Amino acid sequence: MGKNVVQKIIDSHIVEGKPQCGTEVGIKIDQTLTQDATGTMAYLQFEALGFDKVKTEISVSYVDHNTIQEGFENADDHKYLRTVASRFGIRFSKPGNGICHQVHLERFGCPGKTLLGSDSHTPTGGGIGMISIGAGGLDVAVAMGGGPFYMTYPRVVKVELTGKLSPWVSAKDIILKVLQILSTKGNVGSIVEYGGEGVVALSVPQRATITNMGAELGVTTSVFPSDEITREFLEAQGRGACFVPITADEDAQYDRVITIDLSTLEPLAACPHSPGNIKTVRELSGTEVDQVLIGSCTNASYRDIMLVANALKGKRVASGTELGVACGSRQVMSMVSRNGALADIIESGARILELACGFCIGNSMAPRTNAVSVRTSNRNFFGRSGTSSADVYLVSPETAVAAALTGKFTDPRDLFSSEDYPKIELPSKFTIDDSMILEPSNDTSAEIYRGPNIGAPPSNDSCPDEIKGEVTIKVGDKITTDHIMPAGSRLKYRSNIPKYAEFVFEREAPGFSERALKNRENGIHNIIIAGESYGQGSSREHAAICPMYLGVKLVVAKSIERIHRANLINFGIIPAFFANEEDYERIDDGDKLEICNVRNALERDGELVLNNRTKGVEIKINAILTGREKEMILAGGLINATRNKK
Ligand code: MIC
Ligand code: SF4
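So, the pattern of salt bridges
Enumeration over the complete set of coordinates arrives at 41 salt bridges. Of the charged contacts, one joins D11 and K3 as a salt bridge, the two residues approaching to 2.9 Å between their closest N and O atoms. The class of K3 is partly exposed, set by a relative accessible area of 32%. Between E47 and R450 there is a salt bridge whose closest N-O contact spans 2.7 Å. You can see E47 sitting in helix α2 (residues 36-48) and its partner R450 sitting in the loop between β20 (437-438) and β21 (467-474), a full 403 residues away along the chain. Given the relative accessible area of 42%, R450 is considered partly exposed.

Encoded structure:
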């Protein structure tokens, strides 16, 4: 039987397990990437695991998240990252070189390879035909040390693209349509593969916009075939040698097929506060817009910035609206500055922002109170912009420019004619200058710099036989890692767990951290109760490490997202599900809970009986774990489990 693109790449990398849908396989990882906000912890853990060198083909450490440098913390982290990378054989992309996913696509991505990144938007690499997966920093540390990455052998959903996009409708509208169809929940364990005649008209950066925001579906990753378009892109990047064609066999099978006729698509927007809350731009037409931000790892490629510059040329941004533009990489920025496009953007009245994540992670350009902010990025979770009362909408660069020029939501087709739609050809040669990517020295005696903000990862005890504690928080559905562990102004504490832990659930339940710490000191276990899709969004393992540090032992939810579940296990927190979802209603904040014989039950079949002492009821919960996961949970996390083996 023929294979699809996903099966071809994954099967050629399996080192443990069998290619059977729904079972666990271990795959070899060829490349890794980290960014600074998750990277410090990933490298501290790499050190703690005792590795002396990376064993991957390519590992790159990027600095793009924490570049505000208000205080010494960020700069100290940057130096730690630079020195640790040099010593262990990792390339280091200096701050100012661009956003990790954009730079990795341009300079390192290769079809047919596997990439593991400590950032949930690592699937951007799927645009170039690689299996690129986001994971917690500890999983990336293990992969850097040559260990396999464990994943569920996926269901493959094919998105068949037919027809051709109309002018002013672009790749972002395709992924927003996919989000409307598949939604942000219920897709755990699947991979999306794009195919059909429609893919031929999409350049690699457009494909990467689609795979990037596929992260919001909650799938393991998304991938495009590797074809002539891929080859042209790689040749233009001076990397034609790594091209290999990868297409699905004629008789390849899929678990589900969705067909999208591109010619029927229209400009779309993800409305507050979820990337899956989709409306057409025409439905929003006329809504006043305070702020327009163009950039991020989703939509800041050469094609996107050129499109924006062309549409802005000779025009002015509306007087009551502010426009910010950030290129995705130094390559893009240097090309648009040399060809004059940057001048068109500047002359329109835009603010030129740093080559970094910036506004996307809420560490700059927070909008005003009650603002409408229109962005080309990929997440509009509540509060992520830095202003809780703001409404954030996610759109294409085409729709963003139309809003910037008119000051209100405007379907770009109502502002510009079809003939005005700029045809942006990708250059036959991109400007190549890798001088901000430092090669490692591999000098094992070189000193690693550690500023005062950098602390060793905290340790955990092994799993107790009896969990006796209280519900320290009960939350609803779709709680994101941004809710659990806010970024924005708190980001600078990413390498200082005791300090960062002060902000766990700070918006949901102010005082959570003190309450949990007090419980921990009194030997009372902390328990989190949640609804569906707990832990959506970012890969930040801090959403597990900080709760672990505060003494959280158990999360009971209706469902938990893939990366977050893996992070909980890596840090020894039991991820459990209600056997009957209605039981969610039989537990409240502050209830006293007890579970006996935890270790035995976990070793046996994961069926646990939770005794709600406050309500006097018994509730069945399941923590179904693979053999490897059991070992980690019982040991109190992956670091303990690894040490136990040594
Ligand atoms: C994000 O977009 O939320 C981030 C910031 O890039 C995160 C990683 C992090 O929290 O550091 C992600 O998506 O994984
Ligand atoms: Fe950076 Fe935003 Fe992309 Fe995350 S989603 S990597 S914060 S640009």
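Thoughts on the packing of α2 against helix α5 (residues 137-144)
In a pair of packed helices, the angle between the axes and the distance between the axes together describe the arrangement. With their axes 8 Å apart at the nearest point, α2 and α5 run at an angle of 50 degrees to one another. Viewed along their axes, α2 and α5 adopt a mutual orientation that is oblique. As for the relative orientation of α2 and α5, their crossing is right-handed in sense. Between α2 and α5, the residues in contact are A42, Y43, Q45 and F46 and G137, L138, A141 and M144, respectively. Of the residues contributing to the contact of α2 with α5, the split by class is six nonpolar, two polar and no charged.

As for the site of ligand 1
Taken together, 14 residues lie around ligand 1, and D119, S120, R494, S539 and R540 are the ones closest in. One of the side-chain nitrogen or oxygen atoms of S120 is found 2.5 Å away from an oxygen atom of ligand 1. Within the contact set of ligand 1, an oxygen atom lies 2.9 Å away from a side-chain nitrogen or oxygen of S538. Its free accessible area being 340 Å², ligand 1 has 97% of it covered by the protein chains. When grouped by side-chain class, the residues that make up the shell around ligand 1 number two nonpolar, seven polar and five charged.

Observations regarding the sheet that holds β20
With mixed pairing, six strands are arranged side by side in an open sheet as β7-β6-β3-β4-β5-β20. The open sheet has two edge strands with one neighbour each: β7 (131-134) and β20. Bridge count for strand β4 (residues 58-62) against strand β5 (residues 91-93) is three bridges, and the pairing is parallel. Along β5, the bridge assignment pairs S61 with F92.

Overview of the nonpolar core
Judged by nonpolar contacts, the single largest core of 105 residues is most densely connected at F505, F512, Y534, L554, I574, L602 and I621. Top element by residues in this core is α5. It accounts for six residues. Apart from residues lying up to four places away in sequence, F512 is in contact with T472, I473, V504, F505, L550 and V552. In terms of nonpolar packing, the next biggest core, distinct from the first, is built from 61 residues, I128, F243, C327 and A402 among them.

Remarks on the pairing of strand β26 (residues 607-612)
Sheet topology note: the strand β25 (residues 592-595)/β26 ladder contains two bridges and is antiparallel. When the sheet's bridge partners are listed, L593 is paired in β26 with N612. Direction of pairing for β26 relative to strand β27 (residues 617-622): antiparallel, over a ladder of six bridges. Within β27, the residue paired with V609 across the bridge is K620. Between the end of β26 and the start of β27, which pair antiparallel, lie four residues, with G616 showing a positive phi angle near 70 degrees.

Digging into the environment of S274
Its place among the elements puts S274 in the loop between β13 (268-270) and β14 (278-280). Looking at S274, the relative accessible area reads 13%, which means it is buried. Sequence separation of S274 and T184 is 90 residues, and the distance between their C-alpha atoms is 8.2 Å.

Description of the environment of Y80
Along the chain, the position of Y80 falls in helix α3 (residues 73-88). You can call Y80 buried: its relative accessible area is 0%. Distance in space between the C-alpha atoms of Y80 and E532 is 38 Å, their sequence separation being 452 residues. Other than its neighbours up to four places away in sequence, Y80 contacts T40, Y43, L44, E47, I448, Y449, R450 and I454.

Structural notes on the confidence of the model for the chain
For the chain, mean pLDDT is 97; residues scoring 70 or higher make up 100% of the total. Within the chain, helix α22 (residues 638-645) has the poorest average pLDDT of any element, 88, and β13 the best, 99.

Re the site of ligand 2
Neighbouring ligand 2 are the residues H65, H101, D119, H121, S296, C297, C357, C360, I361, N378 and R384. Residues that form the shell around ligand 2 fall into these classes: four nonpolar, five polar and two charged.

Some thoughts on unusual backbone geometry
Only a minority of non-glycine residues have a phi that is not negative, and only a minority of peptide bonds are not trans. With an omega of -10 degrees, the peptide bond running from P272 to H273 counts as cis. Not every positive phi belongs to a glycine, and N597 is a case in point at roughly 50 degrees. Residue position: N597 is located in the loop between β25 and α20 (598-604). Classification of N597 as partly exposed rests on a relative accessible area of 46%.

So, how was this worked out
Residues numbered from 1 in each chain as written. Chains lettered and ligands numbered in written order. Predicted model: local features only at pLDDT ≥ 70, side-chain atom pairs only at ≥ 80, totals over all residues. Heavy atoms only, no water. Salt bridge = Lys/Arg side-chain N within 4 Å of Asp/Glu carboxyl O. Buried < 20%, exposed > 50% of the residue type's maximum accessible area, 1.4 Å probe, protein only. Helix = DSSP H or I, 4+ residues; strand = E, 2+ residues; numbered from the N terminus. Axes fitted to C-alpha atoms, helices over the stretch in contact; angles between N-to-C directions. Parallel < 35°, antiparallel > 145°, perpendicular 65-115°, else oblique. Left-handed = near helix turned anticlockwise from the far one by under 90°. Contact = heavy atoms within 4.5 Å. Nonpolar A, V, L, I, M, F, W, Y, C, P; charged D, E, K, R; others polar. Near = heavy atom within 4 Å. Polar contact = N/O pair within 3.5 Å; in protein donor to acceptor, adjacent residues only side chain to side chain. Areas by Shrake-Rupley, 256 points an atom, 1.4 Å probe, with all protein chains shown as cover. Pairing = 2+ DSSP bridges. Core = buried A, V, L, I, M, F, W, Y, C linked by side-chain atoms within 4.5 Å. pLDDT = per-residue confidence, 0-100.

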